[in-house]
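Observations on chain architecture
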Amino acid sequence: MTSTPTRSASTPTAPGTTSHPPPRRRRRFTARDRHDFWVFLALVLPNAALIVAFAYRPVVENIRYSLLNWTLGSPSATFVGLGNYVTFLTSPSSAEIVWTTLVFTVVTVGGSMVLGLLIALALNRRVPGTGVARAAVFSPYVLSGVGVGLVWLFVFDPSIGVLGAVVRAFGGTAPDFFNDPSMSLAMICIVYVWKNMGYAAVIYLAGLQSIPKDLLEAAALDGASSTRTFFRVTLPLLSPVTFFLVVTSALNSLQAFDLIRIMTPLGQGTTTLIYEAYLQAFGSSNRAGYSAAVSTVLFVVLVVFTLVQLRWMERRVHYA
């Protein structure tokens, strides 16, 4: 009696026929899986509810308000559709506001990163007092923006300020930082860079300390100078840190408010998009709907700016 041979997995199928893989058995949920699932929901749902309530819901409500002609405290509002956006895009002052926002962002991000990198290079040494110096450099970043602005007001004040006294001691005239729009913007940029360069320095310092010493020693053995080693070895290996700082610093600069509000409350020459939204809602204009439109424009700028950086800059990041 002969047995019928069975077809193995490697046996070719007959022409004109197709082979199908055996159906995969569905994994059954065990009691442990159900327990882990409920623990996951218990941990995630409260945080998700808070994010939805205090992050996503305000964004949606702001977009809704931007379609209305409404003032704060008014019980009624008029639907105007895209009228607030058309008003902003056609306003003669909008181009100046966008330009001020761009200049402020580029100067503060570039200045804080360049100075932060130089400070990090100076602090990346084994010398006495390095820990105290690192803490002193980083401390302005954690200080309140209101307190920093009030202190620097006494530095730039043309009458009683320290800077004015130094200029007058050399026979000059103290510049009026508060009434000259170009000087006001320069003043805000200087203070903002001073406050935030410690953040960039600490991040760059962590990046410098993570660079393998073997690569630096190999460059030195090959006869590379310190300058050539920095630009050909150190700086490319710091590209992930630079990419991170560009994204976070730019987002922070685009949303900078406290220093502008304290040092230049009227916004002469320092009116950025976020400060324009504040002035329109809480200033003399009292146009909450228009302010919401400006805030929505800023939100779109932040999203587009972030996506462009993630898509364009990340390709040029060298991960060791």
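The coordinates are above.
Residues numbered from 1 in each chain as written. Predicted model: local features only at pLDDT ≥ 70, side-chain atom pairs only at ≥ 80, totals over all residues. Heavy atoms only, no water.

Focus on the packing of helix α5 (residues 145-156) against helix α7 (residues 181-209)
If you want to describe how two helices pack, look at the angle between their axes and the distance between the axes. Running from amino to carboxyl end, α5 crosses α7 at an angle of 130°, the nearest separation of the two axes being 11 Å. As summarised for this structure, α5 and α7 are arranged oblique, according to the angle between their axes. As for the relative orientation of α5 and α7, their crossing is right-handed in sense. On α7, the residues touching Gly145, Val148, Trp152 and Phe156 of α5 are Met187, Ile190, Val191, Trp194 and Lys195. Residues belonging to the contact of α5 with α7 are distributed by class as follows: seven nonpolar, one polar and one charged. (Axes fitted to C-alpha atoms, helices over the stretch in contact; angles between N-to-C directions. Helix = DSSP H or I, 4+ residues; strand = E, 2+ residues; numbered from the N terminus. Parallel < 35°, antiparallel > 145°, perpendicular 65-115°, else oblique. Left-handed = near helix turned anticlockwise from the far one by under 90°. Contact = heavy atoms within 4.5 Å. Nonpolar A, V, L, I, M, F, W, Y, C, P; charged D, E, K, R; others polar.)

As for the environment of Ser94
Structurally, the position occupied by Ser94 is in helix α3 (residues 92-123). Here Ser94 falls in the buried class, since its relative accessible area comes to 5%. Through-space distance from the C-alpha of Ser94 to that of Leu273 is 8.8 Å; in sequence the pair is 179 residues apart. Not counting residues within four places of it along the chain, the set of residues in contact with Ser94 comprises Phe88, Leu89 and Tyr290. (Buried < 20%, exposed > 50% of the residue type's maximum accessible area, 1.4 Å probe, protein only.)

Regarding a nonpolar patch on the surface
Where nonpolar side chains cluster on the molecular surface, the patch consists of Phe299, Val300, Val303, Val304, Leu307, Val308, Leu310 and Trp312 and spans about 710 Å² of accessible area. Structurally, Leu310 can be placed in helix α13 (residues 288-313). (Patch = residues over 30% accessible without salt bridge, like charges linked within 9 Å, V, L, I, M, F, W, Y side chains within 5 Å. Areas by Shrake-Rupley, 256 points an atom, 1.4 Å probe, with all protein chains shown as cover. Salt bridge = Lys/Arg side-chain N within 4 Å of Asp/Glu carboxyl O.)

Considerations on the side chain of Thr272
Assignment of secondary structure puts Thr272 in the loop between α11 (258-263) and α12 (273-282). Given the relative accessible area of 3%, Thr272 is considered buried. When neighbours within four sequence positions are excluded, Thr272 is seen to be in contact with Ile97, Thr100, Thr101, Phe104, Ala256 and Ile260.

A few points about the packing of aromatic side chains
For any pair of aromatic rings, the description consists of the separation of the ring centres together with the inter-plane angle of the planes. Taken as a whole and assessed by the stated rule, the structure comprises 14 aromatic pairs. Note on Phe37 and Trp38: the rings are 5.7 Å apart at their centroids and 70° apart in plane angle, and the pair reads as edge-to-face. What makes Phe37 partly exposed here is its relative accessible area of 46%. Ring centres 5.2 Å apart and planes at 25° place the aromatic pair Tyr65 and Trp70 in the stacked group. Assessed through its relative accessible area of 29%, Tyr65 is described here as partly exposed. Among the aromatic residues, those joined into a cluster by ring pairs are Trp152, Phe156, Phe177 and Trp194. A cation over an aromatic ring shows up here: Arg287 above the ring of Tyr290, its NZ or CZ 4.1 Å from the ring centre. (Phe/Tyr/Trp six-rings, centres within 6.5 Å; stacked < 30°, edge-to-face > 60°. Lys NZ or Arg CZ within 6 Å of the ring centre and 35° of its normal.)

Some thoughts on the pattern of salt bridges
In the structure shown here, the tally under the stated rule is two salt bridges. The partner of Asp36 in a salt bridge is Arg32, with the nearest N and O atoms 3.4 Å apart. With Asp36 and Arg32 both in helix α1 (residues 31-65), this residue pair falls four residues apart, about one helical turn. Ionic pairing is found between Glu61 and Arg64, a salt bridge with its closest N-O pair at 2.9 Å. Of this pair, Glu61 and Arg64 both sit in helix α1, three residues apart, which is roughly one turn of the helix. Given a relative accessible area of 42%, Arg64 falls into the partly exposed group.

Some details on α12
The element α12 is extensively covered by neighbouring structure, given that seven of its ten residues are classed as buried. For α12, the full list of buried residues reads Leu273, Tyr275, Glu276, Ala277, Leu279, Gln280 and Ala281.

As for the side chain of Lys195
Turning to its location among the elements, Lys195 is positioned in helix α7. One buried charged residue, Lys195, forms no salt bridge at all, with the nearest opposite charge on Asp258 at 5.6 Å. Excluding residues within four positions of it along the chain, Lys195 makes contact with Pro140, Tyr141, Leu143, Ser144, Gly145, Val148 and Leu259. (Lys, Arg positive; Asp, Glu negative; His and termini not counted.)

Let's talk about the environment of Leu216
One can find Leu216 in helix α8 (residues 213-221). What makes Leu216 partly exposed here is its relative accessible area of 28%. Separated by 17 residues in sequence, Leu216 and Val233 have C-alpha atoms that sit 7.4 Å apart. Excluding anything up to four places from it in sequence, Leu216 contacts Ile211, Thr229, Val233 and Thr234.

Some words on the nonpolar core
Met113, Tyr204, Leu238 and Leu245 are the most contacted members of the largest nonpolar core, which totals 19 residues. Elements with a minimum of two residues in this core: α3, α7, α9 (226-237) and α10 (239-254). Considering each element in turn, this core owes the most residues, five residues, to α7. Setting aside anything within four residues of it in sequence, one finds Leu245 in contact with Met113, Tyr199, Ala200, Ile203, Tyr204 and Ala250. The next biggest cluster of nonpolar side chains, apart from the first, holds 17 residues, and it includes Phe177, Ala256, Ile260 and Met263. (Core = buried A, V, L, I, M, F, W, Y, C linked by side-chain atoms within 4.5 Å.)

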